[in-house]
Amino acid sequence: MTSTPAQSFDWNALASEFAGIETITEPTQVAKLSLDYYHFSPVLQPLLGDKRGNLVVRPRTEHETIQVARICVKHKVPLTIRGAGTGNYGQCIPLYGGVILDTTRMNGIRWIKPGKTCVESGVKLAAFDKQAREIGWEWRMVPSTYRSATIGGFIGGGSGGIGSINYGQLRDRGNLLAVRVVTLEDEPRVIELRGDDVQKVNHAYGTNGIITELEVPLAPAYAWIEVIVVFDHFITAAEFGQALGDADGLVKKLISIHAHPIPTYFSGLKSYLPDGKSCALLMIAESCLEPFQELVREYGGEITYQKSAQEGSKGTSLAEFTWNHTTLHARSLDPTLTYLQTFFFTLERVKQLYDHFGDEVMMHLEFLRVNGQAIPAGLQLVRYTTEERLNEIIRYHEEQGAFIANPHTYILEDGGRKTIDVEQVQFKAQVDPYGLMNPGKMRGWEEREESS
């Protein structure tokens, strides 16, 4: 990376160049806007705990974004882009200081049509859905941080979530239609990517383009009922989850399965979770309630909680106990816990690993669609002891045929991708020739720099 050393740079002078654009230099605020939920990982805590930007800018328009880009290139200072900062492995934490570009002021909705929308990158997911549901549509999938997350941050640093049981993951063809990005060249450009070209910046941690606008497909907005079903045994709960995922006639949005003792961490749901039982947290279309109840009976489950779609719009949603909110709730009671992100692919593998690790790796499943099939993935809770033991646990999973998207690394390719995405690296060479965007996160670029 060819950039100006942060410690020797006159940041006050730089701030004055951003005149007319909201700029934050107050250290406490800058520190807050430099971080995400990296502390979920005891491995990342010492690596990222002291990383901070030097100032924050909040452009309101694409034109202001271009101004920010031009100034950063002129002075060769690193630029890190963030949405709401709800990621979990340092996607938006600046490793080398510099300017943080907060996109949350770019929150305009260009248009909503049946089946798709065009929005600015800082639009909050929950705020958008409220408006889209007025004409019968909603996002296809959202993270459990739905209330605060932005669409640009979700595309840049997320992968899937509530709704993935129907639509797979963000990287699946058709889940992102188009993006506009600002480049970090001597004379910044605005580039529109459509079709498969969107993969050049999809889930790239903001390393190769400032996303300013997106065109995203929508899903029909059903009246979703929230349901808790409890089971005597985890394996039965997992089999029920698979059966529900496979039931093509039952419309669902969330299938989240939690082995005992995970339900004991859900303080807000305590009265619905009997001691010693495993549970399923679910979102089901209201129209499917009767056949859904038949499936529950077939697997010997007991419905302990049911919230209508109208009630579901008020208060805390069950979705906020699922995906990585499960980890959040558990860590609020026991900060020594951490987590894994695992694709099991089959229930047989789930059972084998559940039996092997017991309570050291507590089983939390989220069902999603992969290549047209409902499969169990995991965000298991891990009783952390040492990094060596954590790596042993990961290695054992992989030896058994599970795929681990490692949440204990901030390097793009070492997390879920496992391989260098040549197309993303090549695109970065075009749009960020000085390597100023979120430097240190893309291994393909770092290795390219070392070899040049």
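Residues numbered from 1 in each chain as written. Predicted model: local features only at pLDDT ≥ 70, side-chain atom pairs only at ≥ 80, totals over all residues. Heavy atoms only, no water.

**Comments concerning the overall build of the protein chain**
Which entries qualify depends on this criterion: Going along the chain from the N terminus, every DSSP run of H or I of four or more residues is numbered as a helix, and every run of E of two or more is numbered as a strand. Here the radius of gyration uses the C-alpha set of atoms, whereas the globule reference equals 2.2 Å times the residue count to the power 0.38. Two residues qualify as a contact provided that any one of their heavy atoms is within 4.5 Å of a heavy atom in the partner residue. Using a 1.4 Å probe, accessible areas were evaluated by the Shrake-Rupley method; residue-level cover was limited to the displayed protein chains.
Helix and strand counts for the protein chain stand at 16 helices and 21 strands. On C-alpha atoms alone, the protein chain measures out to a radius of gyration of 22 Å, which is about the 22 Å that the 2.2 N^0.38 rule sets for 452 residues. Oriented by its inertia axes, the alpha-carbon framework of the protein chain measures out at about 65 × 50 × 40 Å. Residue pairs in contact within the protein chain that sit at least 24 positions apart in sequence constitute 72% of those at least 6 positions apart. In the form shown here, the protein chain has an accessible surface area of approximately 17900 Å², with 48% of it arising from carbon and sulfur atoms.

**Section: the packing of aromatic side chains**
Selection rule: Two rings from Phe, Tyr or Trp (for Trp, the six-membered ring) form a pair when their centres sit within 6.5 Å of each other. Planes less than 30 degrees apart are called stacked, planes more than 60 degrees apart edge-to-face, and all others tilted. Two conditions define a charge located above a ring, namely a distance within 6 Å from the ring centre to NZ of Lys or CZ of Arg, and an angle within 35 degrees of the ring normal.
Evaluation of the coordinates by the stated rule reveals 14 aromatic pairs. Where Phe 343 meets Phe 345, the ring centres are 6.0 Å apart and the plane angle is 25 degrees; that geometry is what we call stacked. Chaining the aromatic ring pairs together yields one cluster made of Phe 231, Phe 240, Phe 292 and Tyr 299. A cation sits over an aromatic face here: Lys 76 above Tyr 434, 4.3 Å from the ring centre. It is Lys 113 that lies over the ring of Trp 111; its NZ or CZ is 4.2 Å from the centre.

**Quick look at the pairing of strand β18 (residues 364–370)**
Within a regular beta strand, the side chains point alternately toward one face of the sheet and then the other, so they alternate between its two faces. Note the threshold: Burial status follows relative accessibility: with a 1.4 Å probe on protein chains alone, a residue under 20% of its type maximum counts as buried, one over 50% as exposed, and anything between as partly exposed. DSSP calls a pair of strands paired once it identifies at least 2 bridges connecting them.
For β18, the tally of buried residues reaches five of seven residues, placing the bulk of the element in the interior. Sheet topology places strand β12 (residues 252–258) next to β18; three bridges connect them, and they run antiparallel. By the bridge assignment for β18, Ser 256 is matched with Glu 366. Linking β18 to strand β19 (residues 373–378), which pair antiparallel, is a turn of two residues; within it Asn 371 sits at a positive phi near 50 degrees.

**A few points about the packing of helix α8 (residues 234–246) against helix α12 (residues 347–357)**
Worth spelling out the cut-off: Lines fitted to the C-alpha atoms define the axes, with helices restricted to the stretch that makes contact. Angles between their N-to-C directions range from 0 to 180 degrees. For classification, angles of less than 35 degrees are called roughly parallel, those exceeding 145 degrees roughly antiparallel, those between 65 and 115 degrees roughly perpendicular, and all remaining angles oblique. Whether a crossing is left-handed or right-handed is set by the direction in which the near helix is turned from the far one by less than a right angle, anticlockwise for left-handed and clockwise for right-handed. Amino acid classes used here: Ala, Val, Leu, Ile, Met, Phe, Trp, Tyr, Cys and Pro are nonpolar; Asp, Glu, Lys and Arg are charged; the rest, including Gly, are polar.
The N-to-C vectors of α8 and α12 enclose an angle of 160 degrees; their axes lie 11 Å apart at closest approach. Relative to α12, α8 is oriented roughly antiparallel. When the axes of α8 and α12 are compared, the crossing they make is right-handed. Contact with α8, carried on its side by Phe 234, Ile 235, Ala 238, Glu 239 and Gln 242, involves Leu 347, Val 350, Lys 351 and Tyr 354 of α12 and no other residues of that element. Classifying every residue of the contact of α8 with α12 gives six nonpolar, one polar and two charged.

**Here's the deal with the packing of α12 against helix α13 (residues 387–399)**
Their axes nearest at 11 Å, the elements α12 and α13 cross at an angle of 150 degrees. Relative to α13, the element α12 is oriented roughly antiparallel. Along this stretch, α12 crosses α13, giving a crossing that reads as right-handed. Residues Gln 352, Leu 353, His 356 and Phe 357 of α12 pack against Arg 389, Ile 393, Tyr 396 and His 397 of α13.

**A closer look at helix α4 (residues 62–75)**
Heads up, the condition is: Take the residue count of a helix, subtract one, and multiply by 1.5 Å to get its expected span.
Between its first and last C-alpha, α4 extends 20 Å over 14 residues, near the 20 Å set by a 1.5 Å rise per residue. Following α4 by one or two positions, Lys 76 has its phi on the positive side, about 55 degrees.

**Structural notes on the sheet that holds strand β2 (residues 55–58)**
Spatially, four strands are ordered β1-β2-β4-β3 in an open sheet, and the strand pairing comes out mixed. Since the sheet does not close on itself, it has two edges, and those belong to β1 (22–24) and β3 (79–82), each with one partner. The average angle at which neighbouring strand axes cross in this sheet is 25 degrees, direction not considered. With three bridges connecting them, β2 and strand β4 (residues 99–102) associate as parallel partners. Across the sheet, the residue bridging to Val 56 is Ile 100, located in β4. Taken strand by strand, α4 contacts β2, β3 and β4, and its axis lies near 170 degrees from that of β4.

**Some remarks on the pairing of strand β6 (residues 116–120)**
By the criterion of burial, β6 is predominantly enclosed, with four of the five residues buried. Judged from the four bridges that link them, strand β5 (residues 109–113) and β6 form a sheet pairing that is antiparallel. Among the inter-strand pairings, Lys 113 is bridged to a residue of β6, identified as Lys 116. Between the antiparallel neighbours β5 and β6 lie two residues, among them Gly 115 with a positive phi of about 95 degrees. Pairing geometry for β6 and strand β10 (residues 210–220), over five bridges, is antiparallel. Bridged to Glu 120 within β10 is Glu 213.

**Comments concerning unusual backbone geometry**
Look at the link from His 260 to Pro 261: it is a cis peptide, with omega at 15 degrees. Here the phi dihedral of Lys 76 falls at roughly 55 degrees; this positive angle occurs in a residue that is not glycine. Within the secondary structure, Lys 76 sits in the loop between α4 and β3. The phi dihedral of Asn 438 is positive, around 45 degrees, even though this residue is not glycine. Within the secondary structure, Asn 438 sits in the loop between α15 (422–431) and α16 (443–451). Accessibility expressed as a relative area gives 1% for Asn 438, which makes it buried.

**Comments concerning the environment of Val 56**
The topology assignment puts Val 56 in strand β2. Since its relative accessible area comes to 0%, Val 56 is described here as buried. Taking the C-alpha atoms as reference points, Val 56 and Thr 386, 330 residues apart in sequence, are found 35 Å from one another. Sequence-distant contacts of Val 56, that is, excluding residues within four places in its chain, are made with Glu 22, Thr 23, Ile 24, Val 30, Leu 33, Ile 100 and Asp 102.

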